[in-house]
Amino acid sequence: LFDTTKVSIAVTDVNDNVPEISVRSAIREVSEDAPPGTVVALLHVQDRDSGANGEVRCSLDREVPFRLQSSHGSYYSVVTARELDREQVSEYNVTVRAADGGSPALQSSAVLALRVLDVNDNAPVFAEERYSARLAENNAAGALVLTVRATDADWGQNARVRYRLSEGRVRGAPLSSYVSVQAETGALYALRSFDYEQVRELALWVRAEDGGAPALSSNVSVRLLIVDENDNAPQVLYPPAAVAAASAAWRAGGWSGVELAPRSSEPGALVLTRWLVLAVAAVSCLFVAFLLLLLALRLRRWRREQLLAAESGALRGVPVSHFVGIDGVRAFLQSYSHEVSLTADSRKSQLRFSAASCCDTLPARPAPDEPAPL
């Protein structure tokens, strides 16, 4: 005898399967100027467990410029979250993690390797804000003056820097006839021998340009100072050559007292010397004019004394009886008329006396012996 029965056995799931991550498509390189939301990988995630043990949650490591975006069902896409900067991070290893809902939870991970492609978004940068150098005059042509240096943060051809001079003119001649710059190294060379008395300073600009398309560039100022050397003999400013030649014999035995100044003296020295010479000449002229004026006043005074003396001598011929005096004061008893002839030249002045031109100045008095009328 036998009997049969149907036994139903329910197998309870145990979280014994880890989530599986499969990369369906992915790119290995992404441009740094890719816009946010650019897809870099497509993933499929599944867990063969059931229930909560089969529910999968995916995530990315923090502090990466990427994010996960759910597509359809168990498919996910990895997209850029913001703009990339190759100069800060050139490569990324993005780790995708998947964890189920079991207890304890099981998890798995996959790594996406991405390289950021360079874009020419950085201009060359010079090592210094400005450059300056000193070069002694009478230098040899082709002498090295200084070297400028610029770097570009980009990569490859975009980081290749070349140098060139900006256009300019010096004393009417092109700047390129005075100095040149080596395109690859940035070395600045003097193409001619400089003369401090002609050119004392050069101000120029050097441009650094990268090899990108389009190319980016930057400029830097360069100041070249020419240093003076004692290569000029003194030059006589005063007196002129003719006067100096005439007094050469007198100056042969000692110091001449003539001020000398080299042509390479400091700016303003010659001007200052000229002003000193003019000041001395002006003072000398004023002194001579004062002497002439004093002499003229003395001569005029002497002439006036001579004229007065001549006039007083002419009155000596008047008889004494024609005068009356009281306490030393004399007065004429008769009036006299004289012809006076004066000219601009006092030596030709004339004083004439006329005999018929005199008359009594006092009223007639009666004789002492005559009685006064009643």
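Residues numbered from 1 in each chain as written. Predicted model: local features only at pLDDT ≥ 70, side-chain atom pairs only at ≥ 80, totals over all residues. Heavy atoms only, no water.

Looking at an unreviewed UniProt entry, the protein chain carries the name PCDG6 protein, with the source organism given as Orthonyx spaldingii. Quoted verbatim from the Subcellular location (unreviewed entry) field of the UniProt record, the comment on the protein chain reads "Membrane". (UniProt positions renumbered as here; feature names shortened; annotations may be inferred.)

Caption draft 1: Looking closely at the UniProt feature "transmembrane region" (unreviewed entry) in the protein chain. When the UniProt feature table is mapped onto this chain numbering, "transmembrane region" (unreviewed entry) sits at residues 275-297. Helix makes up 100% of residues 275-297 and strand 0%, with an end-to-end C-alpha separation of 33 Å. (Helix = DSSP H or I, 4+ residues; strand = E, 2+ residues; numbered from the N terminus.)

Caption draft 2: Inspection of a nonpolar patch on the surface at higher detail. A cluster of nonpolar side chains, contributed by Phe287, Val288, Phe290, Leu291, Leu292 and Leu294, occupies part of the molecular surface with about 590 Å² of accessible area. Residue class for Leu294 comes out partly exposed when judged on its relative accessible area of 36%. (Patch = residues over 30% accessible without salt bridge, like charges linked within 9 Å, V, L, I, M, F, W, Y side chains within 5 Å. Areas by Shrake-Rupley, 256 points an atom, 1.4 Å probe, with all protein chains shown as cover. Salt bridge = Lys/Arg side-chain N within 4 Å of Asp/Glu carboxyl O. Buried < 20%, exposed > 50% of the residue type's maximum accessible area, 1.4 Å probe, protein only.)

Caption draft 3: Structural view of the packing of aromatic side chains. For the structure shown, the criterion picks out three aromatic pairs. Note on Phe66 and Tyr92: the rings are 5.5 Å apart at their centroids and 85° apart in plane angle, and the pair reads as edge-to-face. In this pair, Phe66 is assigned in strand E5 (residues 66-70) and Tyr92 in strand E7 (residues 91-100), connecting sequence segments 26 residues apart. With relative accessibility at 5%, the residue Phe66 sits in the buried group. (Phe/Tyr/Trp six-rings, centres within 6.5 Å; stacked < 30°, edge-to-face > 60°.)

Caption draft 4: Quick look at the side chain of Arg86. When you line up the elements, Arg86 lands in the loop between strand E6 (75-80) and E7. The class of Arg86 is buried, set by a relative accessible area of 13%. Of the polar contacts made by the side chain of Arg86, one reaches the backbone oxygen of Ala153; its length is 3.1 Å. Once you skip the residues sitting within four places of it in the chain, Arg86 turns out to touch Glu32, Val116, Leu117, Asp118, Ala153, Asp154 and Trp155. (Polar contact = N/O pair within 3.5 Å; in protein donor to acceptor, adjacent residues only side chain to side chain. Contact = heavy atoms within 4.5 Å.)

Caption draft 5: Looking closely at the nonpolar core. Grouped together as the largest cluster of nonpolar side chains are 30 residues, with contacts concentrated most on Tyr163, Val179, Phe194 and Leu224. Of all the elements in the fold, those that place two or more residues in this core are strand E10 (130-136), strand E11 (144-147), strand E13 (161-165), strand E16 (179-181), strand E17 (187-190), strand E18 (201-210) and strand E19 (217-227). Counting 16 residues, the second largest nonpolar core, distinct from the first, contains Val30, Leu43, Tyr92 and Val94. (Core = buried A, V, L, I, M, F, W, Y, C linked by side-chain atoms within 4.5 Å.)

Caption draft 6: Structural context of the pairing of strand E3 (residues 39-46). In terms of strand pairing, strand E1 (residues 20-26) meets E3 through six bridges, oriented antiparallel. Looking at the pairing, Ser22 lines up with His44 of E3. When E3 meets E6, the two strands line up antiparallel, connected through five bridges. Looking at the pairing, His44 lines up with Tyr75 of E6. (Pairing = 2+ DSSP bridges.)

Caption draft 7: Inspection of the sheet that holds E16 at higher detail. Spatial strand order, E11-E17-E16: three strands in an open sheet with antiparallel pairing. Both outer strands of the open sheet, E11 and E16, are each paired with one neighbouring strand and no more. Averaged over neighbouring strand pairs, the angle between their axes works out to 20° when direction is ignored. When E16 meets E17, the two strands line up antiparallel, connected through three bridges. Bridge assignment links Val179 to a residue of E17, and that residue is Ala190. (Axes fitted to C-alpha atoms, helices over the stretch in contact; angles between N-to-C directions.)

Caption draft 8: Structural context of the side chain of Glu32. Secondary-structure assignment places Glu32 in the loop between strand E2 (29-31) and E3. Although Glu32 lies buried, it forms no salt bridge, and the closest oppositely charged side chain, Arg86, sits 4.8 Å away as judged by the N-O distance. Side-chain polar atoms of Glu32 contact the backbone nitrogen of Arg86, separated by 2.9 Å. In contact with Glu32, not counting residues within four places along its chain, are Glu83, Leu84, Asp85, Arg86, Glu87, Val116, Leu117, Asp118, Val119 and Asp121. (Lys, Arg positive; Asp, Glu negative; His and termini not counted.)

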